[in-house]
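Letter by letter, the chains look like this.
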Amino acid sequence: MILGICVNPCLLLHISVFLFQFSSIHEIEYNNHLQDAIFSPVSNTKLDYIPLDTGTKGMLKNYYGYCPFWIDTTYYEYLQMELLTHITYFSIEIDPTNGNIGSIPNQNRFIKIRDHAHAHNVKIHMTFIIFGSSNVAYFLNNDAARQNAINNISNFITNYGIEGTNIDFEFVTSSVRDSFSLFIRDLADELWNHRVRQKELYIASIAVPEWYPGYDITYLSEHSNGLFIMAYDFHWSGGSIAGPVSPCVPSSFWGQYCAAKSIGTYKDYGVSGSKIILGLPYYGYDWPTVSEDKGSSTAGSGSAVIYYYAFQNANIHGRLWDEYSLTPWYKYYSTQWHQCWYDDSVSHDIKYGMVNDSLLQGAGSWALGYDRDYDHLWNTIRKNFWDSTGIAEQEYQLPANIEIFKSIFTNELNLSNLHPNNLYDISVYDIMGTRLIHLKTKGQETITIGKKLKSGVYFLIIKNKNRVLKKKIVKIKRY
């Protein structure tokens, strides 16, 4: 999470040390909104709540969204709940001196989003934070404080009837790497063996692991339900260059650090894709710049602009597309040049394709409500992760002699042992319900399909008389 520019090794070392002074969008916006919050003490007794509806979800992947305490309940009605699997309310502070947890900011909003989510089968977590590397280190070096925090988090989950927690410590230095791993291990043990039922643990995790050695991401992934990669702030508010907040791919112009590299690095470190949530920005930064040119130096700190306004401003000033980072931006002059770099449905669509291609657990966002009543970003989630199997007729079992094929393939999908005396109707649909392949054929030893399909998620339907087989298939790239 830093400038995505080409640098020499000496500068890399300097930047990696400097990074621990860096304030993320989470910390900046938390501090900016504290003065407007109404704080309520945490209850020590179990409260009434609407239980989680355990009906069937239509999502092929998990979608994990942060809901900050400053988002007004007015905007909850625009959340398309069928496209969410998790909401984590942001946030409650942990006192680094003793492990006590602070008060709940805007508790009425937390209660409302919890009950609204539960009614739509969306799991609710609470985010617990410590900001500042010295505060993080002070807490992690105190065994008693760590255990006290674990007990308090577990009790909070019980008393408020939620499904888990999100840990956001920014940032963990190498000196307390082992202590952080131990804290997460013990917290996972407490939550996975919770007295009510098993609970979940997710961790806000860094985008560039090689610059943050305090995070043993392999160990953390093994002792959590998922790592939420904060794949944003590659160019940050206080950076010296204006540029893409969340570049999709590496380039000769911006350098190697990007969402695609973050995924690759996590996997190279041994983290299973099933434990990775790719977190994407619903915001951008507006920097005053020295010039209008791409790659210009900044003339001051950037201000965060939520998607709702970035989209409007791009329409006013002219949306530009950066072919290097595959993200949008716009520029304008107001006493001096400004550049705003942000993400939209097009750049998100590219990154969601990476989620599918890399077989990740899912995606997520900072932060829900930043798009207000626009549905552009929701439509992209639906396109990539929504299960459209309603296109199929009533499901039956095909005859037992049909060989069950592999559902993940790289080039072609082979259907084997279809009975030669039977006529089969074979279709492949994309997740929007568009039929891409249709053939009628008699059974044969092997039928090969899918060579021309792009990588992604599809639905295969094979009909034989009054029987139907319905199966999700995934085509992935070969690396």
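Definitions and cut-offs
Residues numbered from 1 in each chain as written. Predicted model: local features only at pLDDT ≥ 70, side-chain atom pairs only at ≥ 80, totals over all residues. Heavy atoms only, no water. Helix = DSSP H or I, 4+ residues; strand = E, 2+ residues; numbered from the N terminus. Rg over C-alpha atoms; globule rule 2.2 N^0.38 Å. Contact = heavy atoms within 4.5 Å. Areas by Shrake-Rupley, 256 points an atom, 1.4 Å probe, with all protein chains shown as cover. Lys, Arg positive; Asp, Glu negative; His and termini not counted. Charge placed at Lys NZ, Arg CZ, Asp CG, Glu CD. Buried < 20%, exposed > 50% of the residue type's maximum accessible area, 1.4 Å probe, protein only. Salt bridge = Lys/Arg side-chain N within 4 Å of Asp/Glu carboxyl O. Core = buried A, V, L, I, M, F, W, Y, C linked by side-chain atoms within 4.5 Å. Pairing = 2+ DSSP bridges. Axes fitted to C-alpha atoms, helices over the stretch in contact; angles between N-to-C directions. Phe/Tyr/Trp six-rings, centres within 6.5 Å; stacked < 30°, edge-to-face > 60°. Lys NZ or Arg CZ within 6 Å of the ring centre and 35° of its normal. pLDDT = per-residue confidence, 0-100. Disulfide = S-S within 2.5 Å. Parallel < 35°, antiparallel > 145°, perpendicular 65-115°, else oblique. Left-handed = near helix turned anticlockwise from the far one by under 90°. Nonpolar A, V, L, I, M, F, W, Y, C, P; charged D, E, K, R; others polar.

1. A look at the overall build of the protein chain
Move 1: For the protein chain, the count of helices and strands is 11 helices and 22 strands.
Move 2: Relative to the compact-globule value of 23 Å for 479 residues, the protein chain shows a C-alpha radius of gyration of 24 Å, a close match.
Move 3: In terms of its C-alpha atoms, the protein chain occupies a principal-axis envelope of roughly 75 × 60 × 45 Å.
Move 4: Across the protein chain, the fraction of contacts at a sequence separation of at least 24, relative to all contacts at a separation of at least 6, is 74%.
Move 5: Just so you have it, the protein chain exposes about 19500 Å², and 48% of that area is on carbon and sulfur atoms.
Move 6: The protein chain carries 39 positive and 45 negative side-chain charges, and their two centres are separated by 11 Å.

2. Remarks on the side chain of Glu170
Move 1: Among the secondary structure elements, Glu170 is positioned in strand 6 (residues 164-170).
Move 2: Buried and unpaired, Glu170 has Arg177 as its nearest opposite-charge partner, separated by 18 Å.
Move 3: Sequence-distant contacts of Glu170, defined by excluding residues within four places in its chain, comprise Ser24, His26, Ile130, Phe131, Gly132, Ser133, Val136, Tyr215 and Met230.

3. Quick look at the nonpolar core
Move 1: Among the nonpolar cores identified, the biggest contains 114 residues, and Ile87, Phe156, Ile167, Phe169, Phe180, Phe183 and Trp366 are the most heavily contacted of them.
Move 2: Sort the elements by how many residues they give to this core and helix 5 (residues 143-160) lands first, with seven residues.
Move 3: Grouped together as the second largest cluster of nonpolar side chains are 16 residues, Phe409, Leu413, Ile426 and Leu469 included.

4. Some points on the sheet that holds strand 7 (residues 200-205)
The strands that make up a sheet are held in pairs by hydrogen bonds between backbone atoms, and each pair lies either parallel or antiparallel.
Move 1: Spatial ordering of the closed barrel is given by 2-3-5-6-7-8-9-15, a layout of eight strands whose pairing is parallel. For this sheet the average axis-to-axis angle between neighbouring strands, irrespective of direction, equals 25°.
Move 2: Two elements, strand 5 (residues 123-131) and strand 6, share seven bridges in a ladder whose sense is parallel. Its bridge partner being in strand 6, Thr127 is matched across the sheet by Asn166.
Move 3: Where helix 6 (residues 177-192) meets the sheet, its contacts fall on strand 6 and strand 7, and the angle it forms with strand 6 comes to roughly 170°.

5. What about the pairing of strand 21 (residues 456-464)?
Successive side chains on a regular strand alternate, one facing one side of the sheet and the next facing the other.
Move 1: Burial analysis of strand 21 places eight of its nine residues in the buried class, the great majority of the element.
Move 2: Of the strand pairs in this sheet, strand 18 (residues 423-430) and strand 21 are connected by six bridges, and their pairing is antiparallel. Of the residues in strand 21, the one forming a bridge with Asp425 is Lys463.
Move 3: In this sheet, strand 22 (residues 467-475) lies alongside strand 21 in antiparallel orientation, the contact comprising nine bridges. For Ile462, the partnering residue across the bridge sits in strand 22 and is Leu469.

6. Topic: the packing of aromatic side chains
Move 1: Enumeration according to the criterion identifies 46 aromatic pairs in this entry.
Move 2: For the ring pair Tyr283 and Tyr285, a centre distance of 5.5 Å and an interplane angle of 75° mean the geometry is edge-to-face.
Move 3: Classification of Tyr285 by relative accessible area gives buried; the value is 1%.
Move 4: Connected via pairs of aromatic rings, a cluster forms that spans Tyr30, Tyr64, Tyr66, Phe69, Trp70, Phe90, Phe131, Tyr202, Phe228 and Trp366.
Move 5: Positioned above the aromatic ring of Phe253, the side-chain terminus of Lys294 is 6.0 Å from the ring centre.
Move 6: Looking at Arg382, its charged tip hangs above the ring of Trp386, at a distance of 5.5 Å from the centre.

7. Some remarks on the confidence of the model for the protein chain
Move 1: Put simply, the protein chain has an average pLDDT of 89, and 90% of its residues get 70 or more.
Move 2: Residue range residues 1-20 is modelled with pLDDT below 50. Its contacts to residues more than four positions away, or to other chains, number 51 contacts.
Move 3: Every residue in residues 390-404 is under pLDDT 50, and counting partners more than four places away or in other chains gives 29 contacts.

8. Looking at the state of the cysteines
Move 1: All chains considered together, the criterion is met by zero disulfides.
Move 2: Looking at Cys248, it has no disulfide partner, and the nearest cysteine sulfur is the one in Cys258, 8.3 Å off.
Move 3: Here Cys340 stays unpaired: no disulfide links it, and the sulfur of Cys248, its closest cysteine neighbor, is 16 Å away.
Move 4: For Cys340, a relative accessible area of 0% gives the class buried.

9. Some remarks on the packing of helix 10 (residues 345-357) against helix 11 (residues 376-385)
Move 1: At a closest axis distance of 9 Å, the pairing of helix 10 and helix 11 adopts a crossing angle of 25°. Taken together, the axis directions place helix 10 and helix 11 in an arrangement best described as roughly parallel. Judged by the sense of rotation from one axis to the other, the crossing of helix 10 with helix 11 is right-handed. Residue-level contacts link Ser345, His348, Asp349, Tyr352, Gly353, Val355 and Asn356 of helix 10 to His376, Leu377, Thr380, Ile381, Lys383, Asn384 and Phe385 of helix 11.
Move 2: Here the contact of helix 10 with helix 11 is composed, by residue class, of five nonpolar, seven polar and two charged.

10. Observations regarding the pattern of salt bridges
Move 1: Under the definition given, this model contains 14 salt bridges.
Move 2: Taking the shortest distance from any N to any O, the salt bridge between Arg319 and Asp344 comes out at 2.9 Å. Linking Arg319 in the loop between helix 9 (307-317) and strand 12 (320-322) with Asp344 in the loop between strand 14 (337-341) and helix 10, this pair joins segments that are 25 residues apart in sequence.
Move 3: The exposure class of Arg319 is partly exposed, given its relative accessible area of 38%.
Move 4: The class of Asp344 is buried, set by a relative accessible area of 6%.
Move 5: Look at the salt bridges and you will find they share partners, linking Lys294, Asp322 and Glu323 into a network.

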